[in-house]
Amino acid sequence: MATCNQGSEVDLAITDQTRSRAPSPPGLSGWLTLLLAGAAGAAVANVYFAQPLLVTIGREFALSSATVGIVVAITQLGYGLGLFLVVPLGDLVDRRRLVVTQLLLLAGALAVVGTAGTAPVLLAGIAAVGLLAVVTQSMVAYAAALAGPVNRGRIVGLVTSGVVIGILSARTVSGTLADLAGWRSVYLVSAALTVTMAGLLYRVLPCHPPARNRLRYGRLLRSTVSLFTEEPLFRVRALLALLIFAAFSVLWTGVALPLSAPPLSLSHSAIGAFGLAGVAGALAAAPAGWLNDRGLAGWTTGAALVLLVLSWLPIGLTRQSLWALAIGVVLLDLAVQAVHVTNQSVIYELRPDAGSRLIGGYMVFYSIGSGAGGIASTAVYARAGWGGVCALGAGISVLAFLLWAATRTRVGQGNR
């Protein structure tokens, strides 16, 4: 493998002034793309491991049921901070070095959680896990840069498929490992896997130097905010991310409530199986990227948002038919991932030299939408039941479609 000082054939993060003289990017082989997808999925899974373990963790560290939820909240807070503070570094330093360093630090944080003896140590480790798990988005930006414009959508779609599978299978993997060897094994096994991935990626990934006229870190962060004000298409796609992931979170936060209550009264493992059904959403990622590469991002977005609205019809029949729920879950996840992949592909094309900042800033809106949807889902269920939750999800989905329709021609989304 070439070192970072050998040649410039992989120097993709160049400035606007020199981009026209740059060599073509080398692209990514199929196996290397799959490796990045697997690594990204394994990394993001760490954010969701704690959810099925809360009761056990709370019991061991004497955390009440009212406060144990802070474990999940701190993880998400760390993830949100990482999106803003860490992911933009991909525009400042060599991306391969950044990814490998983050993975090694993430492994250390996982080891801290797995060996924590007190609640403060546990919470500090959990916060660090969330902060460093944003290596997933660093990998997405890395893959987008190496892919080049011709295949960028397809490559981003494939890596995002790995992310989706990681998110939706994390709870099942976590519960299974905890049943076999205790909750600490979840984090210790993940730490060992993360170190292995770091070594493998260091050996096989090409280096990717930053732009020649690099910004200082403070200015880099300020430029992330300014991109939102300067690029109308970025604003629209970021707001779409907020809405679609709010709808996504409304479903996945609230669905356990009617499933565990009479007359269904499903077990935890049976409820978790519906998360595996959502893995089908990963199938939408690669085709959505392929359509984007052919100039059909606008059409893909509109069709997926219509599907998102319609998915709430079978989801609303959950109490009458679990098959209806399964169908609705598949439709909703297909729709969300199609829009998500298209969003990332489109915004990266705006400013490839600022790709990490664009992806990181975009994902901040993902976090806001996910958090808001989860809070709203449980609050509405307490007042209006499952029907109210479905109405909320459908309303957010309709709002996302109206946003896209209203801005489609004004910000050039017809072809994007």
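For the structure itself, look to the data block above.
Note that this is a predicted model, so its numbers are computed, not measured.

Draft legend 1. Molecular detail of the packing of aromatic side chains. Summed over all chains, the structure comprises eight aromatic pairs. Summarising the aromatic geometry, the rings of F228 and F365 are spaced 5.2 Å apart at their centres and angled 15° between planes, so their arrangement reads as stacked. Taken together, the residues span a long stretch of sequence, with F228 in helix α9 (residues 217–230) and F365 in helix α16 (residues 355–407) at a distance of 137 residues. Relative accessible area serves as the criterion here: at 24%, F228 is assigned to the partly exposed category. Look at F245 and F248: their rings are 6.0 Å apart centre to centre, the planes differ by 65°, and that puts the pair in the edge-to-face class. Here F245 and its partner F248 are both found in helix α10 (residues 232–254), three residues apart, which amounts to about one turn of the helix. One exposure class covers both F245 and F248, and it is buried. Counting every residue linked through ring pairs, the aromatic cluster contains F49, F61, W183 and Y187.

Draft legend 2. Inspection of the packing of helix α4 (residues 95–115) against helix α5 (residues 119–132) at higher detail. Packing of α4 against α5 leaves a shortest axis separation of 8 Å and a crossing angle of 155°. Considering the angle they form, α4 stands roughly antiparallel to α5. α4 and α5 meet at a crossing whose hand is left-handed. Residues Q102, L105, L106, A109, L110, V112 and V113 of α4 pack against V121, L122, G125, I126, A128, V129 and L132 of α5. Split by residue class, the contact of α4 with α5 holds 12 nonpolar, two polar and no charged.

Definitions and limits used
- Throughout this description, residue numbers start from 1 for each chain and increase along the sequence as written.
- Reporting in this predicted model follows two pLDDT cut-offs: at least 70 for local features of residues, and 80 or more for side-chain atom pairs to be given and counted; totals over whole chains, interfaces and linings ignore these cut-offs and use all residues.
- Hydrogens are left out, water is left out, and the side-chain values use all remaining heavy atoms of the structure.
- Centre distance within 6.5 Å is the pairing criterion for rings of Phe, Tyr and Trp, where only the six-membered ring of Trp is used; planes under 30 degrees apart are then read as stacked, over 60 as edge-to-face, and the remainder as tilted.
- Only DSSP runs of H or I covering at least 4 residues are called helices, and only runs of E covering at least 2 are called strands; the numbering of each starts at the N terminus.
- The buried label applies to any residue whose accessible area, calculated with a 1.4 Å probe on protein chains only, is under 20% of its type's maximum; exposed applies above 50%, and partly exposed to all values in between.
- Think of each axis as a best-fit line through the C-alpha atoms, taken over the contacting stretch in the case of a helix, with angles from 0 to 180 degrees between the N-to-C directions.
- Comment on the angle field: the value is read as roughly parallel under 35 degrees, roughly antiparallel over 145, roughly perpendicular from 65 to 115, and oblique elsewhere.
- Helix crossings get a hand from a simple test, with the near helix turned counterclockwise from the far one by less than a right angle marking a left-handed crossing and a clockwise turn marking a right-handed one.
- In this analysis, two residues are considered to be in contact whenever any of their non-hydrogen atoms come within 4.5 Å of each other.
- Here the term charged refers only to Asp, Glu, Lys and Arg, the term nonpolar to Ala, Val, Leu, Ile, Met, Phe, Trp, Tyr, Cys and Pro, and the term polar to all other amino acids, Gly among them.

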